[in-house]
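Overview (structure and organization)
Chain by chain, the residues:
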Amino acid sequence: MWSQRRVVDYGLAKRAVVRSVRDGRTLPRDVCDAQPYLLRAARHFGEPTERLCPVCERENVTNVTYVYGDSLGRHAGQAKATSDLAVMAHDYDEFRVYVVEVCQSCSWNHLTVTYVLGNGPPDLVGQP
Ligand SMILES: [Zn+2]
């Protein structure tokens, strides 16, 4: 079942960091600190976006999608292509997806959104 549950959007937090860099309150090197494994994941599993890097403005950022969940076994913590998620959402009850944007030019990285996928029962929150 392909439906995103418990979506958390980190857009506001990301904009606050970008504003802080533009105002000079935060040094770019403090936020452009992608670890080698993340840069490698961006190269091999990343998906291109149309969003220009908000820090260096030289390159579009790449989305890297990680999956975590107790039921995933060996898949937990792995980077996945968005196309893999539909299959996984069918095969597993519940796992959380983390989408991180990465600039391969300056190493800027920030979580953009997380959500839960899986074929488990829908959340009852908000229902009578
Ligand atoms: Zn950049």
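What counts and what doesn't
Residue numbers restart at each chain and count upward from 1, following the sequence in its written direction. In keeping with the predicted nature of the model, local features appear solely for residues at pLDDT of at least 70, side-chain atom pairs appear and are counted solely at 80 or more, and the whole-chain, interface and lining totals rest on all residues. Only heavy atoms go into the side-chain values, all of them from the structure, while hydrogens and water stay out. Because no water is among the atoms considered, metal sites can look incomplete, with donors defined as N, O and S atoms within 2.8 Å of the metal, or 3.2 Å for Na, K and Ca. Tetrahedral means four donors with every angle between 85 and 135 degrees, whereas square planar (four donors) and octahedral (six donors) require angles over 155 degrees between opposite donors and between 65 and 115 for all others; sites fitting neither are termed irregular. The numbering of helices and of strands both runs from the N terminus, where a helix is a DSSP run of H or I of at least 4 residues and a strand a run of E of at least 2. For every residue, the accessible area (1.4 Å probe, protein chains only) is compared with the maximum for its type, and the residue is labelled buried under 20%, exposed over 50%, or partly exposed between those bounds. In this text, buried Ala, Val, Leu, Ile, Met, Phe, Trp, Tyr and Cys residues form a nonpolar core when linked through side-chain atoms within 4.5 Å. Contacts were defined at the residue level, with two residues in contact if any of their heavy atoms lie within 4.5 Å. The term salt bridge refers to a side-chain nitrogen of Lys or Arg lying within 4 Å of a carboxyl oxygen of Asp or Glu. Between any two strands, pairing holds if DSSP finds at least two bridges.

Here we look at the coordination of the zinc ion
Within the protein, the zinc ion binds to C53 (SG), C56 (SG), C103 (SG) and C106 (SG); these donor distances fall in the range 2.3 Å. For the zinc ion, the 4 donor atoms in the first shell make angles of 108 to 113° at the metal, so the coordination geometry reads as tetrahedral. In terms of primary sequence, the donors binding the zinc ion are separated according to C-x2-C-x46-C-x2-C. Remark: C103 occurs in the loop between β5 (95–102) and β6 (109–117) and C56 occurs in the loop between β2 (47–52) and β3 (60–68); sequence separation between them is 47 residues. Each member of the pair, C56 together with C103, is buried.

Some remarks on unusual backbone geometry
The backbone of E57 shows a phi angle near 55°, a positive value even though the residue is not glycine. With respect to the helices and strands, E57 occurs in the loop between β2 and β3.

What about the nonpolar core?
Core analysis: the largest hydrophobic core is formed by 12 residues, namely V67, L72, L85, M88, A89, Y92, F95, V97, V99, V113, Y115 and L117. The set of elements that each furnish at least two residues to this core consists of α4 (82–91), β5 and β6. Setting aside its immediate chain neighbours within four residues, L72 contacts V67, M88, Y92 and F95.

A short note on the pattern of salt bridges
A complete count under the given rule lists 6 salt bridges for this structure. A salt bridge links E94 to R6, with the shortest nitrogen-to-oxygen separation between them at 3.2 Å. Residue E94 is located in the loop between α4 and β5, and its partner R6 is located in strand β1 (residues 5–9); the two are separated by 88 residues in the primary sequence. On the basis of relative accessibility, which here comes to 38%, the residue E94 falls in the partly exposed class. With a relative accessible area of 39%, R6 lands in the partly exposed category. Of the charged contacts in the structure, one is a salt bridge between E101 and K14, with a shortest N-O distance of 3.0 Å.

Considerations on the pairing of β5
Burial of β5 is extensive: 7 of the 8 residues sit out of reach of the surface. As paired strands, β3 and β5 are joined by 7 bridges and run antiparallel to one another. Paired with Y66 across the strands is Y98, a residue of β5.

Quick look at the environment of D70
Mapped onto the fold, D70 is located in the loop between β3 and β4 (79–80). Its relative accessible area of 85% is what places D70 among the exposed residues. Separated by 25 residues in sequence, D70 and F95 place their C-alpha atoms 7.5 Å apart.

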